[in-house]
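# An overview of the molecular structure
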Amino acid sequence: MAELLAAYPLLFGALPERPEPPGGGAFGGVTVSALHIVLGDQLSREVSSLRGFDPSTSVVLMMELADECRNVGHHKQKIALFLAAMRHFAAELRADGVVVDYVALDQSDNTGNLTREVERAIGRHKPDRIVMTEPGEWRLKVETSSWERMFGLPTEIREDDRFFASHARFRQWAHGRASWRMEHFYHVMRREHDVLMDGDKPVGGQWNFDQANRKPLPKSVQLRSHKRFVPDAMTREVIELVTERFPDNFGALADFDWPVTRDGALAALADFIAEHLPDFGDYQDAMKAGEPFVHHSLLAPAINIGLLSPREVCQAAEHAWRNGTAPLNAVEGFIRQILGWREYVRGIYWASMPEYAERNFFGALRPLPGFYWNGRTNMNCLRKVISDTMHYAYSHHIQRLMVTGNFALLAGIAPREIERWYLAVYADAIEWVEMPNTIGMAVYADGGLMASKPYAASGAYINRMSDFCKTCRYDVKRKTGPDACPFNYLYWAFLIQNEGQLKKNPRMGMPYKTLATWDDASKSQCLAEANEFLNALS
Ligand code: FAD
Ligand code: SF4
């Protein structure tokens, strides 16, 4: 034990003292039969890698890895969230008598690299085998799949079954289909998992209540605040560490208040169900300056790192409807995001990688403008959304899709550049969920595998769904000229330039009908203004 305290001073200072492993001495005294690896987004007692764990002969390995913190320059809050949640999870396991070998970020011998840390752990424990749950990123899947050969040790990589649909189930659904539409997949999931069903029929007589969920916020609305989680000593220590180690990373830590334990995440879920779910549906797409969260749940980070299971979140929402405390349009809309979209994008990711990452339907090549990293732009909508992203590591779906994503689509930003940005800046960003949302939904770089048409919109949409335009330097009603809203001429220029690829799409009929009424001079002026604006960006 003394050896261990010397080797892991920070961790033993920060976490409750771990019990002696059964069998005598510390790791060295016992022949460890299995080394169970738990990654930073697998912080669940139900995770498949911990199934069959024998505390008398096995050790859990958890690692804080500098390479993973740095690979896309993640938001400081995102790094702090992962590390704080990992440390709390390790402490909980230890309190239950599990031996956890925890490699802290600032431990002097930590190489910061996943494979090298596993190799070092094998040297420490000499296990007979490795057990882990598959990682949530293609790159790490490739890396871990070489371990068995590299280390000469049986390595059991178990499926991550915290989802409603297994990989095989998604492939089976997708097989032979000309298009993979979320809505159809969602109906199948509802039936299979008996969610919001009345026998074989959807409750309320329809599958989808989206039409009711597009209201702008009333002017006088007073939004209720979300539950905050004041950092405890362990989290504060992590915040200090991140401040010191990653001073130049994107974002601020001052507003860090994410739940970092299962108890915290359950409290966040209860608060959402009671306070926000009833209004979630009506104002799901609404945006308001100074109100980045509206009635959204803020649960994605907790679900994605394993503190909450998607099933229990859906069950809690359905329960609220059955109890009469939340209306069906809200509950169905919320459940669709998890049982539908979340499962569907995961299916797309694993069925289409690694080539999916390189998709570029429009051949967009423009570098990401610098204002994505500092918010310095005169476009009020972008300035507000990016500034909130810096403060909270959060934007809700419409802010991501119809403001930052819409701009990237219209401006022809290279898909890989905007995709790396989304992976870096949000606390909930993990590649399997972020990449299809960006490549497929936001910038249509997959040419329609996910979305039936590009989510392209002019300033009119942002004006309808937010109050951003009221205080903007640009005029949302103007289509051309120095004061015109850039989203307007960029939108029409996008349609003109991509007419060959989009005109035949039946869902693009309306805007192309309008464009057909334009004369050549108007089209040329629109293209010239868009070019001038875009050239000034770089
Ligand atoms: P709510 O609006 O309260 O929704 C409830 C839950 O539904 C979320 O917590 C989330 O688990 C799930 N969900 C909602 N929409 C989606 C979706 N489109 N895909 C998958 N799950 C969804 N979500 C992530 O979890 N990680 C990401 O890295 C991520 N990147 C995105 C990038 C872009 C360009 C876009 C357009 C969307 C992205 N999303 C991502 C989806 C969605 O925007 C976030 O899940 C949501 O904003 C998280 O906030 P919330 O928890 O308050 O969600
Ligand atoms: Fe954004 Fe245009 Fe509205 Fe300004 S006028 S906030 S740029 S949509």
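One can find the structure itself at the top, above this paragraph.
Residues numbered from 1 in each chain as written. Chains lettered and ligands numbered in written order. Predicted model: local features only at pLDDT ≥ 70, side-chain atom pairs only at ≥ 80, totals over all residues. Heavy atoms only, no water.

## Points about the overall build of the protein chain
The cut-off we apply is this: A run of DSSP states H or I qualifies as a helix once it reaches four residues; a run of E qualifies as a strand once it reaches two. Both are numbered from the N-terminal end. As a reference, a globule follows 2.2 Å times the number of residues to the power 0.38, and the radius of gyration itself is taken over C-alpha atoms. Each residue gets one of three labels from its accessible area relative to the maximum for its type: buried under 20%, exposed over 50%, partly exposed in between, using a 1.4 Å probe on protein chains only. In this analysis, two residues are considered to be in contact whenever any of their non-hydrogen atoms come within 4.5 Å of each other. Positive residues here are Lys and Arg, negative ones are Asp and Glu, while His and the chain termini are left out of the count. Just so you know, the charge point we use is NZ for Lys, CZ for Arg, CG for Asp and CD for Glu.
Helix and strand content of the protein chain: 25 helices and seven strands. Computed over C-alpha atoms, the radius of gyration of the protein chain comes to 25 Å, within 12% of the 24 Å expected from 2.2 N^0.38 for 538 residues, which places it in the range of a compact globule. Its C-alpha atoms put the protein chain at 85 × 55 × 50 Å along the principal axes. For the protein chain, the proportion of its 538 residues judged to be buried stands at 58%. Residue pairs at least 24 apart in sequence account for 75% of intrachain contacts in the protein chain once pairs closer than 6 positions are excluded. Distance from the positive charge centre (60 side chains) to the negative charge centre (66 side chains) of the protein chain: 6 Å.

## Comments concerning helix H14 (residues 310-322)
Applicable threshold: Multiplying 1.5 Å by the residue count of a helix minus one yields the expected span of that helix.
For H14, built from 13 residues, the straight-helix expectation of 18 Å at 1.5 Å per residue is met to within 8% by its first-to-last C-alpha distance of 18 Å. On its buried face, H14 is in contact with helix H11 (262-275), helix H12 (277-280), helix H13 (300-305) and helix H15 (328-352). Gly324 sits one or two positions beyond H14 and adopts a positive phi of about 80°.

## A short note on the pattern of salt bridges
Condition: Salt bridges are identified by distance alone: a Lys or Arg side-chain nitrogen within 4 Å of an Asp or Glu carboxyl oxygen.
Following the criterion strictly, the structure yields 33 salt bridges and no others. A salt bridge links Arg162 to Asp160; its shortest N-O distance comes to 2.7 Å. Exposure class is identical for Arg162 and Asp160. Each is buried. A salt bridge links Arg473 to Asp483, with the nearest nitrogen and oxygen atoms 3.2 Å apart. Of the two residues, Arg473 sits in the loop between helix H21 (459-465) and helix H22 (486-497) while Asp483 sits in the loop between H21 and H22, which places them 10 residues apart along the sequence. Owing to a relative accessible area of 36%, Asp483 belongs among the partly exposed residues under this scheme. The structure contains a network of salt bridges with shared partners spanning Asp210, Arg214, Glu332 and Arg336.

## Structural notes on the site of ligand 2
To keep it simple, the criterion reads: Note on definitions. A residue lies near a molecule or strand when any single heavy atom of the residue is within 4 Å of it.
Neighbouring ligand 2 are Met379, Asn380, Cys381, Gly459, Ile462, Phe468, Cys469, Cys472, Tyr474, Val476, Cys485 and Phe487. Taken together, the elements giving at least two residues each to the shell around ligand 2 come down to helix H17 (380-392) and H21.

## Thoughts on the site of ligand 1
Defined as follows: Distance and chemistry together define a polar contact, namely a pair of N or O atoms within 3.5 Å, with one atom able to donate a hydrogen and the other to accept it when in protein, and with adjacent residues in sequence counting only for side-chain atoms on both sides. Working definition of accessibility: Shrake-Rupley area with a 1.4 Å probe, residue cover restricted to the visible protein chains. Lys, Arg, Asp and Glu make up the charged group, whereas Ala, Val, Leu, Ile, Met, Phe, Trp, Tyr, Cys and Pro make up the nonpolar group; the residues left over, Gly among them, are polar.
Residues in close proximity to ligand 1 total 30 residues, the closest being His296, Ser297, Leu298, Asn304 and Tyr394. Here an oxygen atom of ligand 1 sits 3.0 Å away from a polar atom, N or O, in the main chain of Leu299. When ligand 1 sits alone it has 810 Å² of accessible area, and the protein chains cover 99% of it. Contributing elements (two or more residues each) for the shell around ligand 1: H13, H15, helix H18 (397-411) and helix H20 (431-442). Grouping the amino acids of the shell around ligand 1 by side-chain chemistry returns 17 nonpolar, nine polar and four charged.

## A word on the packing of aromatic side chains
Operational definition: Ring pairs shown here join Phe, Tyr and Trp side chains whose ring centres sit within 6.5 Å, with only the six-membered ring taken for Trp; geometry is labelled stacked below 30 degrees between planes, edge-to-face above 60, and tilted in between. Geometrically, a charge over a ring is one whose NZ (Lys) or CZ (Arg) sits within 6 Å of the ring centre while staying within 35 degrees of the ring normal.
The tally for this structure, following the rule as stated, stands at 33 aromatic pairs. Relative to Phe334, the ring of Phe272 lies with its centre 4.8 Å away and its plane at 40°, an arrangement referred to as tilted. Residue Phe272 is found in helix H11, and its partner Phe334 is found in helix H15; the two are separated by 62 residues along the sequence. Across this residue pair, the class does not change: Phe272 and Phe334 are buried. With a centroid separation of 6.3 Å and 75° between ring planes, the pair formed by Phe407 and Phe533 is classed as edge-to-face. Of this pair, Phe407 sits in helix H18 while Phe533 sits in helix H25 (residues 520-537), and the two are 126 residues apart along the sequence. Among the residues examined, Phe407 registers a relative accessible area of 0% and is labelled buried. The buried category is assigned to Phe533, whose relative accessible area is 13%. Grouping aromatic residues by their ring pairs yields a cluster made of Phe371, Tyr372, Phe407, Trp421, Tyr422, Tyr426, Phe487, Tyr489 and Phe533. One Lys or Arg, Arg400, reaches over the ring of Tyr426 and ends 4.0 Å from the middle of that ring.

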